[in-house]
Amino acid sequence: MEQNTTTPKNAERKGVLSRIRERLLGPTGKTSPDAGKTQAEPQAPLEMQSGHMPDPDTGLFSDLEEGLDAAVKESIRIEVDVTVEPFLDIPSSETTRVDSSDSDTDLTANVEAFEGDEGKEESTAAEMIVDAIETATPEKPSRFKQPTQFRRGKSISHHRLGINLLEKGLITPQVLYAASKEQEVTGEKLGQILVQNQYLSNSERVQAILEVSAERIAQETVSKTKIPVEKLIEHKIIISTIHDDGIFVATMGDERMVRRIVAEYYPGKKITFVPFSPTKFAPFIANMRKSSDAVDTVATKETVLDRLIFRAVSTGGSDLHFIPRGKSYSVYLRVNGLLEHEHEGPMDEFLAVAAQAKNRARLDSSKKHAPQNGSFQIEFNRKMVDLRVSASPNIEGECIVIRIQDPESINKNINHLGITRIGKWTQATSRRGGLCLLTGGTGTGKTTTMYSTIMSFDRQSKKIITIENPVEVRIAGVSQVAVNEATGFDFNKALEAQLTQDPDVIAVGEVKNEETARTIVRAATSGHLVLGTLHTGSISETLDRLMGLGIKDHELRYILRGIMSQDLIRTVCKKCHGTCVDHEGFTCAECLGDGYDGRTLVSEVEYFHDHNDVDRLFAVREGNAQPTWETIVEDAVNKYRQGITNEQELDRLFGAAARPYLERAA
Ligand SMILES: [Zn+2]
């Protein structure tokens, strides 16, 4: 290829173009089957709709410019196709803003993140794509003239953040291209767009900024902090960024003193000092005052809910329970799976709090005797947190439960959930068609695993549809449909409607009845990859349940790809090893004396490559063969042996079922 630099033949051009296509569209180079079916997004640039799309197979591109141009446009078309699917029951961004504006400050205004500070024109998306291809493709198509439109603008150093993320494999060129297009329309920072669209966690964003241009961290400021404003003023402190592992602080005061103050409010976080920027101090304090006013103003009914939600979100709680008791009401907060009493208040306060929660979640506040579900969002630490509200009557009144879905916790990489045999699950879910089932009781983390599985798919080149009741977490690039039984838009209607949209992957909430079971089996039989959840505790029970729902074993023979059963077990604090005190004898700052620092998954999973594997599974069920998989109890016992969890937890989850394994070890 090196010698023939002047007159490349069409065939060779085709080769380069197909490599670029591959990079942009994935290895299949398959165009979206639905291109044109859905309407283009109103604000989408016109060129997307009118751009000519050469057929990849005829391959007669007149030159590289045209081909690349078309290919990148096409990649955007796919993105548009996916995102314009109607998101039923999803509040518009206006609603979202109204919900969060009363308690929150405008984040975009006081964040001066640098990712886009060169302005909208700094990097055309096309440049990024070309750069990405140049850096990622070993054989550069360098002997071709670079299309002039891609050469315009500034050099690679101006979108170092994007390149950094590409190089680390955190995003694909397509994702970067789509984000930069979004940036052109919204003017938001590239990193923030990627975080909002769940391609990146905030920690990954901060990490990338640190790597490409650490000093820029100092230009950010947070919109909320637990440290009282008075202390911030007294010691001249700016909190720049807070992420999972650490906190970035700027100060004009005594660093040792400031370190102590920050550690008190953010125990366990690594504190890093960044240069203090005097011009930022006054606006930062003004913002903090605004947000602390909203939180601290005593007893206006408006803020009790805000304060509880803020408390829940900032402590990593998973749900808030408001329980009326006649004369007063209690609020419990669940952290790491266990409820703690959080607040007690008078009944009139409860009525106001309940009304506000229902109002925000767009529930009918006049209805008090029927269960209702809804959701709203708040902004916390520069990301949107979904709050799912459910109201249901009890004899004392109406119980309100608010479930907190932190997108970052959902954004967990499937490989980091603690699934011991994760390879089997990814094998199953990487198949083009078939049925993959995720099973476990309530609160066993099924939803997180389901969302993480979906996040692990290539959302740019696959059409993914979820049918949920209700939609718990929004995933960019995925078409999420909310079932609404009240209007007759039930599960089967939703699924039937979606099947006509030619999806690659269909993920459904719980399979509860025969009709649903039948529909997903039919969808899997017709060549879709179907993910579903069932309320069972093991692989064998899952089969029993399917049979109970009227599915015959021969129907599963050619479609069953994988079953995973899971539960959550608390993990022993890595800092104090469960002793709850640090080496100086003080309460452990990591677990706050709890002895546990989080939870991990225990699971059993099996992958069925073909019908022979499924036959073997049925033989196990009938007692004619030994299980080929490690059971969930064995997995938990192994985690106990490794010191990840302890005996109490093993007992709590499995009781006597774990005994034989423990005794075998002893
Ligand atoms: Zn500890």
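Residues numbered from 1 in each chain as written. Predicted model: local features only at pLDDT ≥ 70, side-chain atom pairs only at ≥ 80, totals over all residues.

## Overview of the sheet that holds strand S2 (residues 246–251)
As a reminder of what qualifies: Any two strands between which DSSP finds at least two bridges are classified as paired. Here a helix means four or more residues in a row that DSSP labels H or I, a strand means two or more in a row labelled E, and each is numbered from the N terminus. Orientation is described by axes fitted as lines to C-alpha atoms, over the contacting stretch for helices, and by angles from 0 to 180 degrees between their N-to-C directions. Distance between backbone-placed C-beta atoms decides contact: two residues are in contact if it is within 7 Å.
One open sheet accounts for three strands, arranged S1-S2-S3; its pairing is mixed. Two strands in the sheet have a free side with no partner beyond their single neighbour: strand S1 (237–242) and strand S3 (270–273). Averaged over all neighbouring strand pairs, the angle between strand axes comes to 30°, with direction disregarded. Here five bridges tie S1 to S2, and the two strands are oriented antiparallel to one another. Looking at the pairing, Ile 237 lines up with Thr 251 of S2. Relative to the sheet, helix H13 (residues 255–265) contacts S1, S2 and S3, its axis offset from that of S2 by approximately 140°.

## Description of the sheet that holds strand S15 (residues 560–572)
Overall, mixed pairing links the seven strands, which are arranged S12-S11-S13-S14-S10-S15-S16 in an open sheet. Among the strands making up the open sheet, the edge pair consists of strand S12 (479–482) and strand S16 (596–607). The mean angle between the axes of side-by-side strands here comes to 20°, regardless of whether they run parallel or antiparallel. With six bridges joining them, strand S10 (residues 434–439) and strand S14 (residues 529–534) adopt parallel strand pairing. Looking at the pairing, Gly 434 lines up with Leu 529 of S14.

## Details of helix H19 (residues 446–456)
Worth spelling out the cut-off: Residues with at least 20 other C-beta atoms within 10 Å of their own are called buried, those with 12 or fewer are called exposed, and the rest are partly exposed. The C-beta atoms themselves are positioned from the backbone.
By the criterion of burial, H19 is predominantly enclosed, with nine of the eleven residues buried. Among all positions in H19, only Lys 446, Thr 448, Thr 449, Met 450, Tyr 451, Ser 452, Thr 453, Ile 454 and Met 455 are buried.

## Some points on unusual backbone geometry
Trans is the prevailing form of peptide bonds, just as negative phi is the prevailing case for residues other than glycine. The backbone of Asp 502 shows a phi angle near 55°, a positive value even though the residue is not glycine. Relative to the elements of secondary structure, Asp 502 occurs in the loop between helix H20 (491–499) and strand S13 (505–510). Given 13 C-beta atoms within a 10 Å radius, Asp 502 is considered partly exposed. Notably, His 577 is not glycine yet its phi reads approximately 55°, a positive angle. For His 577, the position within the fold is in the loop between S15 and S16. A tally of 12 C-beta atoms within 10 Å means that His 577 is categorised as exposed.

## Some points on the confidence of the model for the protein
For the record, the criterion: For every residue, the predictor reports its confidence as pLDDT, a number between 0 and 100.
For the protein, per-residue confidence averages 75 on the pLDDT scale, and 73% of positions sit at 70 or higher. Contacts of residues 1–10 to residues separated by more than four positions or lying in other chains number four contacts, the stretch itself having pLDDT below 50. Across residues 132–158, confidence stays below pLDDT 50; counting only partners more than four residues off in sequence or on other chains, it has 42 contacts.

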